[in-house]
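Structure at a glance
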Amino acid sequence: LWWHKPVVDRELLQSLPNLKVIANSGVGMDHLDQKLIASFGVKMANCPRAVSSSTADTGMALLLASARRLVEVYHITISSSMEYCEADILGVKVAGATLGIIGMGSIGYKIALRAKAFEMNILYHNRTQRKAEEEQAVGATYCKTIDSLLQQADFVMVVVSLTPQTHKLIGKRELELMKPTATLINISRGAVVDQEALVTALQSGVIGAAALDVTYPEPLPRDHPLLKLKNVIITPHLGIRTDKAIFMITEEAVENILAALNGLPMPSEVL
């Protein structure tokens, strides 16, 4: 599957009686009815190895761009007058700031590696705590609750899969726990964040800024309030979109397919 196409529904599955495996070109599987697919005896695989580095790069790019207000100052720089007051475009220092990572899987861990290079203090929350040596390698501290992380972080990076449990994981209550100067960065799925609550939080100063690679829907309607706020950066779900990543995704998908067809364990099977 590329870009969620074709749509896998009951009609498609019934029309393909010899179907053995579905290989998804990405990590997220929220667009698939996994129980339905499994009921047809079809195996599923995703491509976590291929996308983790590119997606982590996107997360750090959004963090840095938001911290230094790059989109905003770009528009000032190319404007006809280029009139501005330096005090009005002060950025946020990244070195020494605290990054809270929600979701410490392969992508979250690679974000921590990058954040360490920027001399950030790293907190993380995950369903399971990482091994002590893995924490020490990136200088990360585990938070048992999301609330604790939200209260301490200057930047909050959301890197979780979309499931019924994570739908609107970040809502009004969670946003109000964050610092009024904090930045929310979402590189997971749009529906993990309550967008209406986010708009209100950004407009009222509950949080300082947001940087989003994902929204719902995608793209947003052209009159959506998020598109009108200066303290927001939005990119069109480009987390994995690099030339090498796309090539690696294809290789990983083919590897999974060949393993399934030959009766071998799939490297990235999703159960």
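Residues numbered from 1 in each chain as written. Predicted model: local features only at pLDDT ≥ 70, side-chain atom pairs only at ≥ 80, totals over all residues. Heavy atoms only, no water.

Another aspect to go through is the overall build of the chain. Helix and strand content of the chain: 10 helices and 9 strands. In terms of overall size, the chain behaves like a compact globule, its C-alpha atoms giving a radius of gyration of 20 Å where 271 residues would be expected to give roughly 18 Å. Dimensions of the chain, computed from C-alpha atoms along their principal axes, come out at roughly 65 × 45 × 35 Å. In the chain, buried positions account for 45% of the 271 residues. Summed over all atoms, the accessible surface of the chain reaches about 14,500 Å², with 56% contributed by carbon and sulfur. Taking the 26 positively charged and 27 negatively charged side chains of the chain as two groups, their mean positions are separated by 3 Å. (Helix = DSSP H or I, 4+ residues; strand = E, 2+ residues; numbered from the N terminus. Rg over C-alpha atoms; globule rule 2.2 N^0.38 Å. Buried < 20%, exposed > 50% of the residue type's maximum accessible area, 1.4 Å probe, protein only. Areas by Shrake-Rupley, 256 points an atom, 1.4 Å probe, with all protein chains shown as cover. Lys, Arg positive; Asp, Glu negative; His and termini not counted. Charge placed at Lys NZ, Arg CZ, Asp CG, Glu CD.)

With that settled, the discussion passes to the sheet that holds strand β5 (residues 140–142). One open sheet accounts for 7 strands, arranged β5-β4-β3-β6-β7-β8-β9; its pairing is parallel. A single partner strand is all that each edge strand has here, and the edge strands are β5 and β9 (232–234). On average, each strand axis in the sheet is inclined to that of its neighbour by 15 degrees, with strand direction left out of account. By the bridge criterion, 4 bridges tie strand β3 (residues 98–102) to strand β6 (residues 155–158) in an arrangement that is parallel. Bridge pairing in β6 places leucine 99 opposite phenylalanine 155. Where helix α5 (residues 106–117) meets the sheet, it contacts β3, β4 (121–125) and β6, and its direction lies at approximately 170 degrees from that of β3. Contacting β7 (183–186), β8 (209–212) and β9, helix α9 (residues 195–204) runs over the sheet at an angle of about 140 degrees to β8. (Pairing = 2+ DSSP bridges. Axes fitted to C-alpha atoms, helices over the stretch in contact; angles between N-to-C directions. Contact = heavy atoms within 4.5 Å.)

Our next topic: the domain arrangement of the chain. Each assigned domain of the chain is listed here: domain 1 (10–46 + 241–270) and domain 2 (52–234). Centre-to-centre separation of domain 1 and domain 2, based on C-alpha positions: 30 Å. (Domains from an automatic or database assignment.)

This part covers the layout of surface pockets. As a volume, the second largest pocket reaches approximately 400 Å³. Residue lining of the second largest pocket: 21 residues in total, with Arg69, Glu72, Lys230, Asn231 and Val232 positioned closest to the centre. Within the residue set of the lining of the second largest pocket, elements represented by two or more residues are α3 (48–67), α4 (70–78), β8 and β9. The greatest single-element share of the lining of the second largest pocket, amounting to 4 residues, is contributed by α4. Residue composition of the lining of the second largest pocket, grouped by class: 11 nonpolar, 7 polar and 3 charged. (1 Å grid on protein atoms, 1.4 Å probe; cavity = no way out; pocket = protein on both sides within 12 Å on 5 of 7 lines; lining within 4 Å. Points joined across faces, edges and corners; volume = space filled by probe spheres on them. Nonpolar A, V, L, I, M, F, W, Y, C, P; charged D, E, K, R; others polar.)

We now examine the packing of α3 against helix α10 (residues 243–261). In the contact formed by α3 and α10, the axes pass within 8 Å of each other and the chain directions differ by 160 degrees. As judged from the angle between their axes, α3 and α10 are roughly antiparallel. As α3 packs across α10, the resulting crossing turns out to be left-handed. Two secondary-structure elements touch here, α3 through Pro48, Arg49, Ala50, Val51 and Ser54 and α10 through Ala245, Met248, Ile249, Glu252 and Glu255. Of the residues in the contact of α3 with α10, the class split is 6 nonpolar, 1 polar and 3 charged. (Parallel < 35°, antiparallel > 145°, perpendicular 65-115°, else oblique. Left-handed = near helix turned anticlockwise from the far one by under 90°.)

This part is about the nonpolar core. Grouped together as the largest cluster of nonpolar side chains are 30 residues, with contacts concentrated most on Ile102, Val156, Leu175, Leu184, Leu198 and Leu226. Mapped by element, the contributors of at least two residues to this core are α7 (146–152), β6, α9 and β8. Ignoring any residue separated from it by four or fewer positions in sequence, one finds isoleucine 102 in contact with His125, Ile146, Leu149, Leu150, Val156, Met157, Val158, Val159, Val160, Leu169 and Ile170. Counting 28 residues, the second largest nonpolar core, distinct from the first, contains Ala56, Ala67, Ala97 and Tyr124. (Core = buried A, V, L, I, M, F, W, Y, C linked by side-chain atoms within 4.5 Å.)

Burial of β6 is two-sided: the residues Phe155 and Met157 facing one way and the residues Val156 and Val158 facing the other way are all buried. In terms of strand pairing, β6 meets β7 through 4 bridges, oriented parallel. Bridge assignment links valine 156 to a residue of β7, and that residue is leucine 184.

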